[in-house]
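Listed here are the chains, written in short residue letters.
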Amino acid sequence: MANKEYYERWLKIKEQMKTTISEDTRLNELATLFVGIKPQATAVELVARVYCKYCELYNKLCDCYDQMEQVQRRQYIKKLIDAITCRLLELKCTLEQVEVFEFTYSDNALQQLLMAPQDVQILCPFFYPFEIRQQEMQYIIDEIFAGNRIGNPTPTPSEIERKKEEYLEEEKRKQEEKDAEIKRKLAMGEDISLSENSVTLSPQELEEIKSREEYEKHINTIQKMERSRLVTREKTRKYNKDINLYLELAGLKAPQVREELRIRAAILIQKVYRRFMEIKREQKREKLLRIKLGMIIPSWSPPSAHIRLDEIKEQRRNYRRKYYEKWIEDNIKENSRVLRLREGDIMEDISAEIRQWFQEWYNEVRLFDEFPWPEEGGSILVVKGETFTIEEYVNWRTAEEKRLKAEAGAPKSKEQIKAEKIAAREEKKRLAFEEKEREKKRLIDYKKSRLNPNNDPGIYITISKTLDQLQYTWFNYQNQWQSIDSTDPSVDAIKGYIMQLITENAYKDVQLQLRPIVDEMMKLELNLLRNSLKEDYLIAGISKPPQSKKRKKPKKVKPPKPDKVSPAFMFQQLVDAGIVKKYPRTTLDDYWGDQNYAAADMRAIIWTPSFPSPCIGDVREQVRNRCLLTLGCSCPNAVRSQLLVGSKAAGKRTLIYAIATETNSILIDLSPMNIYNKFPGPKNLKTMFTFVSRISKLMQPTVIMVDNADKLFYKKVPKEEKLFDPTRLQKDFYKEVIKPIQSNDKILVLGTATEPWFAKNPLMYKVFPSLILIPRTDYGSLSLVLTKILMKYHGVDRNFNVHSVAQALRGYDINTIRKAVADLLDGNRVAQLYNRPLDPMEVVNAVLEYDTVKYTDAEDFDLFQQWYNGYSPWGQKYVDYMLMLESQLLYKLKNDKKNEKKE
């Protein structure tokens, strides 16, 4: 896509942004005015419409931010993306509250907007992995993971001795294996090759040899089959030729039929053959159509156009980086030029602004206001109008005079003042308690009113806390770029940068640079003016001139203490201990599963809705919203710790690796079974927490994994696990890991749980207030998985009955199914597919007979559901909602009976 096309696309995005914000504003007005919406399906559609539009905008803005070559506009797009991210998280929470369920479905809203589910699928934007971590930190990560000890280049003597012992043990083991192999060959009478014992190959060379042998084995198999086919065909041809010659010589060969009959036979054969070819072409056209519609998945597909598209996008990124570097250079040059040529004029302008402020105060109230402290921003507050206004001063002075008159008659003692403060504090607590009780009573009354459909006020939507920030960000862009974004723009408005904006920013930067200097000069001038004013008041006979309200001096922000230990050393220590790990490259697309497309319609039934279980694909979308969006945002309402709960082999670790891969995060493993023997002792444990906290902040984005987090919060540690002390981090985990994470940190804590009912729920909820329950494998997801696995084999029938296999394998883990099918369809079985087609029972038996197969039946999953209802607040909300629906239905049936009797 060319730069002009991206610019035209940006103009369309602007119009879409305008309409979406206006619709969101109307939705927020309903929330502000406490307008109840009913039925529930209507409220879901209202919120889902805005949510879907923001999802589409988010994806488009991320694409523009990635590919747009106009450097200055990209800064505003990034701010818009951050603001929309916060609003998306807020809308997702609102949608969950309206649907009374964590898994939300926007299908009805998508139908109204004529959109597909793929349009609102949150994508991991390009700037997550590559525009967060500093280059110095990335260099440390790359070097240490490559095996270079930059953090601790000189190992300790004990470490050298340990490595030497490990090397000797490994050599001893290899020698014993060689001796055992020689003894075996001597016993079997085989030849012993001395060269085998003298050559030591590296693991890479052994892997290469293995892959080459496998390749040659397949080549030899193909060659043998082709030779066999040629020999069989030649033998059959020679046999038929000999039989024909024998019959002709013996006079037993039948005479040729007459010419007329032969012509008629040829015509019939031609007619049948033409019809056959016609049917074949029709079937081919139908097959191509079914392939385009996705009804048939071919075993081979040509290289995707996405590969070429990714190459073009990378080229555009290189151009964009060059523009950015040149823009930085021109900014520095322009700043130095403005400072050199206009330094005196800018300082004079700042002085004139402050003197005018002095003059206004003197003319109005004959005194001068307190000068803002440098920590607050200095005279910047004067320009912004954030200082004490004259009207506020007059009101404050009037109130202060009344207070002084009241205190003049009977001065209060220190005990009285202390008692008044205590009473005021108690009064504040009482008011807060009463407000809390009123809110609790309001919720109880609201729930009672919803039991009767005639008195049901409807659903109240939560008032937005992030919409104002989004509107402010959008207004700032419009204010700056309204005149630039035209239908006939200049070249620098499409790519590169606008020099005029650089000059304007240079003036602003230089002014910010010179303002502290001018402030110090104006403070001296203000002191002279105050002394002169004091003398004037003394001459007039006023010993105590009026004073303005004293400004409290803000606390100085202490600069962060420099680390006693370098980041490279801390990272090296964590890598050596196995706490920071490499992880397999996995994406969310590798987590196969289909969504529940019937849930939206089944929930929208007014009186008797049903809530079907979510599918595996719904979990993937939940991870995109709660993990990917949260990890990249700076929103205060984002929950930065998630618990993935599910049965064994449900794919919990796969999801964690996928999140880390998508965001290019480092993975810190604080699993109980990984750190039980690391950093022993309380002092070393404190050191480990310090290293983890510092590294997670310095090298963010960071994913902190706690595998088997339920063991960390055991109610009672099993005897067989006491040796590993799984609750070692229980006491300090929240204080040392969760609490230090700020809203602007790109850190995410992810835990997994397989038996969560053995854990202390209050402690675990404090660390993991949000969870994602992974359901058992369903029919739709297994159908999709089996289709993807089997259709890559050319010999498998395109109409293979995957549906019956999916029904039979519900509850079995997907990873085992993939491995079992791969083992079943080995080279020999693939070669037999043409003569012996694959039978569904073969797949079922292969999965059932697999050694590590995991099965979760409905009763096992009920344990997770019961625990979820007690752990998550959504469990109780769901119960209350079902009781409300049952009550409304009873009222409706009673009213229907009364109406029937009246008729």
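Here we summarise the structure given alongside this text.

Cut-offs applied
- Residues numbered from 1 in each chain as written.
- Predicted model: local features only at pLDDT ≥ 70, side-chain atom pairs only at ≥ 80, totals over all residues.
- Heavy atoms only, no water.
- Helix = DSSP H or I, 4+ residues; strand = E, 2+ residues; numbered from the N terminus.
- Rg over C-alpha atoms; globule rule 2.2 N^0.38 Å.
- Buried < 20%, exposed > 50% of the residue type's maximum accessible area, 1.4 Å probe, protein only.
- Contact = heavy atoms within 4.5 Å.
- Areas by Shrake-Rupley, 256 points an atom, 1.4 Å probe, with all protein chains shown as cover.
- Lys, Arg positive; Asp, Glu negative; His and termini not counted.
- Charge placed at Lys NZ, Arg CZ, Asp CG, Glu CD.
- Patch = residues over 30% accessible without salt bridge, like charges linked within 9 Å, V, L, I, M, F, W, Y side chains within 5 Å.
- Salt bridge = Lys/Arg side-chain N within 4 Å of Asp/Glu carboxyl O.
- Core = buried A, V, L, I, M, F, W, Y, C linked by side-chain atoms within 4.5 Å.
- Axes fitted to C-alpha atoms, helices over the stretch in contact; angles between N-to-C directions.
- Parallel < 35°, antiparallel > 145°, perpendicular 65-115°, else oblique.
- Left-handed = near helix turned anticlockwise from the far one by under 90°.
- Nonpolar A, V, L, I, M, F, W, Y, C, P; charged D, E, K, R; others polar.
- Pairing = 2+ DSSP bridges.
- Phe/Tyr/Trp six-rings, centres within 6.5 Å; stacked < 30°, edge-to-face > 60°.
- Lys NZ or Arg CZ within 6 Å of the ring centre and 35° of its normal.

**Some remarks on the overall build of the protein**
Turning to step 1, where the next piece is worked out: When helices and strands are counted, the protein shows 32 helices and 6 strands.
Turning to step 2, where the next piece is worked out: For the protein, whose C-alpha radius of gyration is 38 Å, the value lies well above the compact-globule estimate of 29 Å for 903 residues.
Turning to step 3, where the next piece is worked out: Once the C-alpha set of the protein is aligned to its principal axes, its extents read approximately 155 × 100 × 70 Å.
Turning to step 4, where the next piece is worked out: By the burial criterion, 39% of the 903 residues in the protein qualify as buried.
Turning to step 5, where the next piece is worked out: Counted over contacts in the protein with a minimum sequence separation of 6, partners at least 24 positions apart contribute 82%.
Turning to step 6, where the next piece is worked out: Accessible surface, the protein as shown: approximately 55,200 Å² in total, 55% of it carbon and sulfur.
Turning to step 7, where the next piece is worked out: For the protein, the distance from the average position of its 151 positive side-chain charges to the average position of its 133 negative side-chain charges is 2 Å.

**Digging into a positive patch on the surface**
Turning to step 1, where the next piece is worked out: A grouping of Lys-731, Lys-735, Lys-739 and Lys-766 is seen on the molecular surface, where their side chains present a positively charged patch.
Turning to step 2, where the next piece is worked out: Residue placement: Lys-731 occurs in the loop between α23 (709-712) and α24 (733-738).

**Thoughts on the pattern of salt bridges**
Turning to step 1, where the next piece is worked out: Applying the stated criterion to the full structure yields 48 salt bridges.
Turning to step 2, where the next piece is worked out: For Asp-24, the salt bridge identified is with Arg-87, shortest N-O distance 2.7 Å. In this pair, Asp-24 sits in helix α1 (residues 3-32) while Arg-87 sits in helix α3 (residues 71-99), placing the two residues 63 residues apart along the sequence.
Turning to step 3, where the next piece is worked out: We classify Arg-87 as buried; its relative accessible area is 3%.
Turning to step 4, where the next piece is worked out: Taken together, the shared-partner salt bridges connect Asp-66, Glu-314, Arg-317, Arg-320 and Arg-321 into one network.

**Looking at the environment of Leu-33**
Turning to step 1, where the next piece is worked out: With respect to the element layout, Leu-33 can be found in the loop between α1 and α2 (40-67).
Turning to step 2, where the next piece is worked out: Sequence separation of Leu-33 and Pro-457 is 424 residues, and the distance between their C-alpha atoms is 13 Å.

**Structural notes on the nonpolar core**
Most often, soluble globular proteins keep nonpolar side chains buried together rather than apart.
Turning to step 1, where the next piece is worked out: Counting 56 residues, the largest nonpolar core has Tyr-54, Leu-61 and Leu-88 as the members making the most contacts within it.
Turning to step 2, where the next piece is worked out: Contributions of two or more residues to this core are made by α1, α2, α3, α4 (107-113) and α15 (467-481).
Turning to step 3, where the next piece is worked out: Considering each element in turn, this core owes the most residues, 15 residues, to α2.
Turning to step 4, where the next piece is worked out: If sequence neighbours within four positions are ignored, Leu-88 has contacts with Tyr-51, Tyr-54, Cys-55, Tyr-58, Ile-122 and Leu-629.
Turning to step 5, where the next piece is worked out: Judged by nonpolar contacts, the second largest core, of 50 residues, contains Leu-670, Phe-713, Val-749 and Leu-773.

**Observations concerning the packing of helix α19 (residues 616-632) against helix α20 (residues 652-663)**
Turning to step 1, where the next piece is worked out: One can describe the packing of α19 onto α20 by two numbers: an axis separation of 11 Å at closest approach and a directional angle of 45°. One finds that α19 runs oblique with respect to α20. Crossing hand, α19 versus α20: right-handed. Within the contact between the two elements, α19 uses Val-619, Val-623, Cys-627, Leu-628 and Leu-631 and α20 uses Leu-655, Ile-659, Glu-662 and Thr-663.
Turning to step 2, where the next piece is worked out: Here the contact of α19 with α20 is built from residues that sort into 7 nonpolar, 1 polar and 1 charged.

**Notes on the packing of α1 against α3**
Turning to step 1, where the next piece is worked out: Axis separation between α1 and α3 bottoms out at 13 Å; the angle between their running directions is 35°. Helix-helix and strand crossings are classified by hand; for α1 and α3 the assignment is left-handed. Two secondary-structure elements touch here, α1 through Tyr-7, Trp-10, Met-17, Asp-24 and Leu-27 and α3 through Arg-73, Ile-77, Leu-80, Ile-84, Arg-87 and Leu-91.
Turning to step 2, where the next piece is worked out: Class assignment for the residues of the contact of α1 with α3 results in 8 nonpolar, no polar and 3 charged.

**Overview of the side chain of Thr-754**
Turning to step 1, where the next piece is worked out: Relative to the helices and strands, Thr-754 resides in the loop between β5 (747-753) and α25 (761-767).
Turning to step 2, where the next piece is worked out: Relative accessible area serves as the criterion here: at 15%, Thr-754 is assigned to the buried category.

**Description of the pairing of strand β3 (residues 666-669)**
Turning to step 1, where the next piece is worked out: Side-chain alternation along β3 places Ile-666 and Ile-668 on one buried face and Leu-667 and Asp-669 on a second face that is also buried.
Turning to step 2, where the next piece is worked out: Across 2 bridges, the pairing between strand β1 (residues 580-581) and β3 is antiparallel. Bridging from a neighbouring strand, Lys-581 pairs with Leu-667 of β3.
Turning to step 3, where the next piece is worked out: Pairing of β3 with strand β4 (residues 702-706), which is carried by 4 bridges, proceeds in the parallel orientation. Bridged to Ile-666 within β4 is Thr-702.

**Topic: the packing of aromatic side chains**
Note on aromatic pairs: each is described by the distance of the centres and the angle between the planes.
Turning to step 1, where the next piece is worked out: Taken as a whole and judged by the stated rule, the model has 23 aromatic pairs.
Turning to step 2, where the next piece is worked out: Consider the rings of Trp-357 and Phe-371, whose centres lie 6.2 Å apart with planes at 70°: the pair is edge-to-face. Of the two residues, Trp-357 sits in helix α11 (residues 305-365) while Phe-371 sits in the loop between α11 and α12 (380-384), which places them 14 residues apart along the sequence. By the burial criterion, Trp-357 is buried, and Phe-371 matches it.
Turning to step 3, where the next piece is worked out: Arranged with centres 6.0 Å apart and planes meeting at 85°, the rings of Phe-611 and Tyr-881 form a pair that is edge-to-face. Within this pair, whereas Phe-611 is found in the loop between α18 (599-603) and α19, its partner Tyr-881 is found in helix α32 (residues 873-902), the two being separated by 270 residues in sequence. Neither Phe-611 nor Tyr-881 differs from the other in exposure class; each is buried.
Turning to step 4, where the next piece is worked out: Through successive ring pairs, a cluster of aromatic residues spans Trp-10, Tyr-76, Trp-474, Tyr-477 and Trp-481.
Turning to step 5, where the next piece is worked out: For the cation-ring pair, Arg-74 lies above Tyr-65, with the distance from its terminal atom to the ring centre recorded as 4.1 Å.
Turning to step 6, where the next piece is worked out: Over the face of the ring belonging to Trp-874 we find Lys-877, whose NZ or CZ atom lies 4.4 Å from the ring centre.

**Here we look at the environment of Ile-296**
Turning to step 1, where the next piece is worked out: Within the secondary structure layout, Ile-296 lies in the loop between α10 (259-292) and α11.
Turning to step 2, where the next piece is worked out: Exposure remark for Ile-296: the relative accessible area of 7% places this residue in the buried category.
Turning to step 3, where the next piece is worked out: Sequence separation of Ile-296 and Met-791 is 495 residues, and the distance between their C-alpha atoms is 8.6 Å.

**Examining unusual backbone geometry**
Turning to step 1, where the next piece is worked out: Cis geometry is found at the peptide bond from Gln-700 to Pro-701, where omega equals 10°.
Turning to step 2, where the next piece is worked out: Position of Pro-701 relative to the elements: it lies in the loop between α22 (682-698) and β4.
Turning to step 3, where the next piece is worked out: Even without a glycine there, the phi angle at Asn-664 is positive, about 55°.
Turning to step 4, where the next piece is worked out: Assignment of secondary structure puts Asn-664 in the loop between α20 and β3.

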